[in-house]
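# Secondary and tertiary structure notes
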Amino acid sequence: MAKIVGVCLSEKVGEKKHDIGTGILKEDYGLTGDAHAQAGWHRQLSMLGTSSIDKMKRLGADVGAGSFAENLTVEDDDFKLFDLPVGTRMHIGRDILVEVTQIGKECHDRCAIFKQVGTCVMPVEGIFVRILKGGIVKTGDTVIIDKET
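Here goes a summary of the coordinates provided.

Criteria and thresholds
- Residues numbered from 1 in each chain as written.
- Predicted model: local features only at pLDDT ≥ 70, side-chain atom pairs only at ≥ 80, totals over all residues.
- Heavy atoms only, no water.
- Helix = DSSP H or I, 4+ residues; strand = E, 2+ residues; numbered from the N terminus.
- Buried < 20%, exposed > 50% of the residue type's maximum accessible area, 1.4 Å probe, protein only.
- Contact = heavy atoms within 4.5 Å.
- Core = buried A, V, L, I, M, F, W, Y, C linked by side-chain atoms within 4.5 Å.
- Polar contact = N/O pair within 3.5 Å; in protein donor to acceptor, adjacent residues only side chain to side chain.
- Phe/Tyr/Trp six-rings, centres within 6.5 Å; stacked < 30°, edge-to-face > 60°.
- Lys NZ or Arg CZ within 6 Å of the ring centre and 35° of its normal.
- Pairing = 2+ DSSP bridges.
- Salt bridge = Lys/Arg side-chain N within 4 Å of Asp/Glu carboxyl O.

## Description of the overall build of the protein
Counting its secondary structure elements, the protein contains three helices and eleven strands. Listed N to C, the secondary structure of the protein is β-β-β-β-β-α-β-β-β-α-α-β-β-β in terms of helices and strands. In the protein, which comprises 149 residues, the share counted as buried stands at 44%. Counting only contacts in the protein whose residues sit at least 6 apart along the sequence, the fraction spanning at least 24 positions is 69%.

## So, the environment of Leu 132
Looking at where Leu 132 falls in the secondary structure, it is placed in strand β9 (residues 127-133). If near-sequence neighbours (up to four positions away) are discounted, Leu 132 is found in contact with Glu 27, Arg 89, Leu 97, Val 98 and Glu 99.

## So, the nonpolar core
Ranked by internal contacts, the top residues of the largest apolar core, which has 23 residues, are Met 47, Leu 72, Met 90 and Ile 92. Elements with a minimum of two residues in this core: β1 (2-9), β5 (45-49), β6 (72-75), β7 (89-92), β8 (96-103) and β9. Counting residues in each nonpolar core, the second largest holds six residues, with Leu 48, Ile 53, Met 56 and Ala 61 among its members.

## As for the side chain of Thr 101
The residue Thr 101 is located in strand β8 in this model. A distance of 2.4 Å separates a polar atom in the side chain of Thr 101 from the backbone oxygen of His 42.

## Looking at the packing of aromatic side chains
All chains considered together, the criterion is met by zero aromatic pairs. The ring of Tyr 29 carries the charged tip of Lys 26 above its face, separated from the ring centre by 5.2 Å.

## Let's talk about the sheet that holds strand β3 (residues 22-26)
Taken together, the three strands give an open sheet; going across it, the order is β4-β3-β10, and neighbouring strands pair in antiparallel fashion. Among the strands making up the open sheet, the edge pair consists of β4 (30-31) and β10 (135-138). Relative to β4, β3 runs antiparallel, the two being bridged by two bridges. Note that in β4 the partner of Leu 25 across the bridge is Leu 31.

## Some remarks on the environment of Gly 21
Position of Gly 21 relative to the elements: it lies in the loop between β2 (18-19) and β3. In this structure, Gly 21 is in contact with Val 7, Val 137, Lys 138 and Thr 139, ignoring residues within four places of it in sequence.

## Description of the pattern of salt bridges
Overall, the coordinates contain five salt bridges when judged by the stated rule. Residues Glu 99 and Arg 89 are paired through a salt bridge, measuring 3.4 Å at the closest nitrogen-oxygen approach. Taken together, the residues Glu 99 in strand β8 and Arg 89 in strand β7 connect sequence positions ten residues apart. Residue Glu 99 is joined to Arg 130 by a salt bridge in which the shortest nitrogen-to-oxygen separation is 2.7 Å. Here Glu 99 is found in strand β8, whereas its partner Arg 130 is found in strand β9, with 31 residues between them in sequence. Glu 99 gets classed as buried once you look at its relative accessible area, which sits at 13%. Owing to a relative accessible area of 33%, Arg 130 belongs among the partly exposed residues under this scheme.

## As for the environment of Tyr 29
Considering the arrangement of structural elements, one finds Tyr 29 in the loop between β3 and β4. Along the primary structure Tyr 29 and His 42 are separated by 13 residues, whereas in three dimensions their C-alpha atoms are 9.4 Å apart. Not counting chain neighbours up to four residues away, the residues in contact with Tyr 29 comprise Ala 37, Gln 38, Ala 39 and Gln 44.

None of the figures reported here should be taken as evidence of function without further support.
Shown next, in the form of C-alpha cells:
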C-alpha cells in the first residue's frame, strides 16, 4: 500500500507547484485551484513516486514534493507508479477513484532540473490520471490499486 506525501498545485501555468497538504479532487476535472486542471481531457492530475524523486536527489538535484509539477507525490515503496499500465484504477483515501491514462510526457523545453543534473524523471516516470470519483485528498491518504482493473 502506498500513501500520499504531497498534495501540490500552482495557481498559474509555468509556476512551481507547492504543497498544500489537503485539496479537493473534482470528478472529470482535476485538483481544485490548480492551473492545469481541465475538464474533459485525459491528463487531469499528475502523480510521481518518491522513488523517482530520490533518484534525482542521488544525482544532486535539490528536489521534493511538487518539484516536477506533479499534483500528488506518492510514497511508492510497494509498487512503482510508472510500472502501472494505462487503464489501471486506484483508490485514494476513502472516496477517490482515478484511472491511469498516460505514462510520462514529452517535455517541450528542458526544465531547470534537467539543466541542473542533465536528466529528468517526469517525462518517463510521471503518470497522469483522470478522476472518476472525486473527494478530499490529503497527505497520509492511502493509494490502493483496484484489483478489478
